[in-house]
Amino acid sequence: MAKRKVDTENRGFQTRWESEYMFTKVAGKPVCLLCGESVAVLKEYNLRRHYETKHADKNKNMDMEQRLQKAEELKRGLKSRQALFKKAKSQGQAAVKASFILAEEIAKSARPFTEGDFIKNCMIKVCDEVCPEKRQLFLNVSLSRNTIAERVDQLSINLKEQLVKKGKDFIAYSLAVDESTDISDIAQLSIFIRGVDSNLSVTEEFLALRPMHGTTTGHDLYEEVSRCVNEMELPWEKLVGLTTDGAPAMCGHRSGLVAKIREKMQEENATGELTAYHCIIHQEALCGKALKMEHVMSIITRTVNFIRAKGLNHRQFKAFLTELETEHGHLPYHTEVRWLSQGKVLQRCFELREEICLFLDSKGKDTTQLRDEMFLCEMAFLCDITSHLNAINLQLQGRDRVISDMYSTVKAFKTKLTLWETQMRKENLSHFPSCQTMKEKLSTSAFPSTQLADKIGMLAADFRRRFADFEAQKSRLELLGNPFAVDVESSPPNLQMELIDLQCNDALRAKYAAVGAAEFARFLPGTMPQLRIQAAQTLSMFGSTYLCEQLFSLMNLNKTSHRSRLTAEHLHSILRISSAQSLTPNIDELVEKMGHHQVSPSTSNK
């Protein structure tokens, strides 16, 4: 005979047992209304034995109606206690969730962890005025410094776990690496990842910030990057590209980071070739130095410093401009590190050139150089060409930039330089408004168009030299940029058949026209696997280290002279939260993991 099982007997709780044995059913189990104990097996014998053994004397003088009333009273009391417990649990979870939300906002706004106490103090004061009966709920939200620090770490770990999970689906990924120094003179290595999954969806996220307390040689950089890649469980054979700031420690042919990673990929028997790029934005800024017009910039910088360095001169100059009712009220500073500031300073100095000379004359300063016509022509030219360089710089900045689009921007600028050189030789200044202004005001000497055209030619030559590595990848980039215009015969053999099928497909051609190059890759059918892999590899590449530079700005906002003792772990957590783009912390999951944790009420009105 087979052994009987309780769950197969379909035993049901009978209503009469409530009055006879003082039991009720809670979550599928019989629970005694008198003592709160539960009985494992739902059998009348077990309930009767429990009642007669422990509670028979208590209700022996009651008739059936009294027993029914007693049972109902006990059931109401039980439900009331259950509701109170659920409410307390719900309020506790809400308090924990609120602390997570505020910790995330504190991290994103670069505020110190101690801001939590200030926020709570404000919350309590508002509560006292708006809803004083809810005061305890606000007191239950723990926002102490230690709590905020713990919450920030938990949020960061959650984001990292999400990234590790996404990384397992990457079919190609690239890294952007840059190094800078914080306020404590600690070298910080910033690493970002750009990965593409089988659906050709792009994930661009912060990977790590590694403090480097010793040397920063190529080997040191490699050790940190390698450790980071291994921690994230990323396969080396799927690494496609590496973008750096071009420093010798990064790009050295023998012992640089790029060379070390290529050696590692060979050790891992990776079939693909690592493509290394020097940040496009950095190279564009370096191209501007090919003009060799430092003599113009030095005079302007010296003039600006004379006006701005002393408070009295600056105040008098602003009052002077106000008196003359000029459009601008002051001069900005120029900082070499901030590439865009040069254009703003040049533009302002050119527009205020006459007012600046008058002010310097009143101070007894020699203005012969500032009034020289050749100098003014060169300043006008530098002002215009820097404005054009700043425009392309801004076009290249931003997140989620596709490298093929960035290459197209640079290619278009090189074409513009050729046009400008030709027009300058013909004294056609359509695209140089400041030069046009100076040409109209020249008294005797002719405008030096030939000399300035040579400057544009030098700039164009430097662009061609610096972006030669991108030119070498031209066919690969054009495959993503415009696959319908690619010459099939000159393409790799493994792509030729799929390219023909693609270029002859009118539906895909219409989709490309509708969504653009960056989004079109996702619509490549599964029957074109080689094209999809090629698109994934190109989509994964970083064109610049813009994200690293942006992270260093966030780092300097957080690690200031007032927070110089911020630990590397906490700084890392803050930056992961504040730089997250496609990932968001799963706060509900974190609260759930904390289980039945209750935040104890605060004893003081902090």
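Please read all numbers here as calculations on a predicted model, not as lab measurements.

Conventions and cut-offs
- Note that residues are indexed from 1 along each chain, following the sequence as it is written.
- Local features in this predicted model are restricted to residues whose pLDDT is 70 or higher, and side-chain atom pairs enter the listing and the counts only when it is 80 or higher, whereas totals over whole chains, interfaces and linings include all residues.
- Note that the side-chain values use all heavy atoms of the structure and ignore hydrogens as well as water.
- A fitted line through C-alpha atoms serves as each axis, taken over the contacting stretch for helices, and the angle formed by two N-to-C directions is quoted from 0 to 180°.
- A run of H or I in DSSP counts as a helix once it spans at least four residues, and a run of E counts as a strand once it spans at least two, with each numbered from the N terminus.
- Here the word oblique covers every angle except those under 35 degrees (roughly parallel), over 145 (roughly antiparallel) and from 65 to 115 (roughly perpendicular).
- Each helix crossing is assigned a hand: it is left-handed if the near helix lies turned anticlockwise from the far helix by less than a right angle, otherwise right-handed if that turn is clockwise.
- Residue contacts are defined here by distance: any two heavy atoms, one from each residue, within 4.5 Å place the two residues in contact.
- Note on exposure labels: buried denotes an accessible area under 20% of the residue type's maximum, exposed denotes more than 50%, and partly exposed covers the range between, all computed with a 1.4 Å probe on protein chains only.
- Two strands qualify as a pair provided that DSSP identifies no fewer than 2 bridges between them.
- A pocket here means an open set of points on a 1 Å grid, computed over the protein atoms alone, that has protein on both sides within 12 Å along at least five of seven lines. A cavity is instead a set of points where a 1.4 Å probe fits but cannot get out; residues with an atom within 4 Å of a point line either one.
- Grid points are joined across faces, edges and corners, and a volume is the space filled by probe spheres set on the points.
- Looking at any residue, its pLDDT shows the predictor's confidence there, from 0 to 100.
- Here, a salt bridge means any side-chain nitrogen of Lys or Arg that lies within 4 Å of a carboxyl oxygen of Asp or Glu.
- Pairing of aromatic rings covers Phe, Tyr and the six-membered ring of Trp, with a centre-to-centre limit of 6.5 Å; geometry is then stacked below 30 degrees between planes, edge-to-face above 60, and tilted otherwise.
- As used here, the arc belongs to the directions running from the helix axis to the C-beta atoms.

**Focus: the packing of helix α6 (residues 145-167) against helix α27 (residues 568-579)**
When two helices pack together, their arrangement is given by the angle between their axes and by how far apart the axes lie.
Alright, step 1. At a minimum axis separation of 9 Å, α6 and α27 run at an interaxial angle of 60 degrees. Between α6 and α27, the angle is such that the two are oblique. In this structure, α6 crosses over α27, and the sense of that crossing is left-handed. Along the contact surface, α6 presents Ala 149, Val 152, Asp 153, Leu 155, Ser 156, Leu 159, Lys 160 and Leu 163, while α27 presents Glu 569, His 570, Ser 573, Ile 574, Arg 576 and Ile 577.

**A few points about the pairing of strand β5 (residues 202-212)**
Side-chain direction in a regular strand flips from residue to residue, so the side chains alternate between the two faces of the sheet.
Alright, step 1. A large share of β5 lies buried, amounting to nine of its 11 residues.
Alright, step 2. As judged from the 10 bridges shared by strand β4 (residues 187-197) and β5, these two strands associate in the antiparallel manner. In the sheet register, Ser 190 faces β5, and the bridge partner there is Leu 209.
Alright, step 3. Following β4, the chain reverses through four residues before pairing antiparallel with β5; Leu 200 in that reversal takes a positive phi of roughly 60 degrees.

**Overview of empty space enclosed by the protein**
Alright, step 1. In the structure shown here, the tally under the stated rule is five cavities of 30 Å³ or more.
Alright, step 2. Looking at the largest cavity, its volume works out to about 100 Å³.
Alright, step 3. Leu 479, Leu 480, Leu 524, Leu 531 and Ala 535 are the residues nearest the centre of the largest cavity, which is lined by 13 residues in total.
Alright, step 4. Within the residue set of the lining of the largest cavity, elements represented by two or more residues are α21 (474-481), α24 (517-520) and α25 (529-539).

**Structural notes on the confidence of the model for the chain**
Alright, step 1. Confidence along the chain averages 85 in pLDDT terms, with 90% of residues attaining 70 or more.
Alright, step 2. Mean pLDDT per element in the chain: helix α1 (residues 16-21) is the minimum at 71, and β4 is the maximum at 95.
Alright, step 3. Confidence drops under pLDDT 50 across residues 6-10; counting only partners more than four residues distant or on other chains, this segment forms three contacts.
Alright, step 4. Counted against residues more than four places away or in other chains, residues 596-606, with its pLDDT under 50, gives 24 contacts.

**As for the pattern of salt bridges**
Alright, step 1. Scanning the model with the defined rule gives 20 salt bridges in all.
Alright, step 2. Notably, a salt bridge pairs Lys 559 with Asp 182, separated by 2.9 Å at the nearest N-O pair. In this pair, Lys 559 sits in the loop between α26 (546-558) and α27 while Asp 182 sits in the loop between β3 (170-181) and β4, placing the two residues 377 residues apart along the sequence. Neither residue differs from the other here; Lys 559 and Asp 182 are each classed as buried.
Alright, step 3. In this structure, Arg 210 and Glu 231 form a salt bridge, with 2.9 Å as the shortest nitrogen-oxygen distance. With Arg 210 in strand β5 and Glu 231 in helix α7 (residues 218-231), this pair connects stretches of sequence that are 21 residues apart.
Alright, step 4. For Arg 210, a relative accessible area of 16% gives the class buried.
Alright, step 5. Residue classification places Glu 231 among the partly exposed residues on the basis of a relative accessible area of 39%.
Alright, step 6. One network of salt bridges, with partners in common, ties together Glu 161, Glu 589 and Lys 593.

**Considerations on the packing of aromatic side chains**
Alright, step 1. Per the counting criterion, the structure on display carries 12 aromatic pairs.
Alright, step 2. Ring centres of Phe 467 and Phe 470 lie 6.0 Å apart, and the angle between their planes is 50 degrees; this geometry places the pair in the tilted category. Here the two residues Phe 467 and Phe 470 agree in accessibility, since each one is buried.
Alright, step 3. Seen from their ring centres, Phe 484 and Phe 520 are 5.7 Å apart, and the 55 degrees between their planes marks the pair as tilted.

**Examining helix α10 (residues 280-287)**
Along an α-helix, a turn takes 3.6 residues, which lines up residues three or four apart on a common side.
Alright, step 1. All of the buried residues in α10 are Ile 280, Ile 281, Gln 283, Glu 284 and Cys 287. In a view along the axis of α10, the buried residues occupy a sector of 160 degrees, so they form one face of it.
Alright, step 2. Next to the buried residues of α10 lie β7 (275-278), α16 (373-396), α17 (403-425), α19 (449-466), α20 (468-472) and α26.

**Description of unusual backbone geometry**
Alright, step 1. A positive phi is found at Ala 110, a non-glycine position, where the angle reads about 60 degrees.
Alright, step 2. Here Ala 110 lies in the loop between α3 (64-108) and α4 (115-130).
Alright, step 3. The class of Ala 110 is partly exposed, set by a relative accessible area of 21%.
Alright, step 4. Here the phi dihedral of Asp 400 falls at roughly 55 degrees; this positive angle occurs in a residue that is not glycine.
Alright, step 5. Relative to the helices and strands, Asp 400 resides in the loop between α16 and α17.
Alright, step 6. Judged by relative accessible area, which is 43%, Asp 400 ranks as partly exposed.

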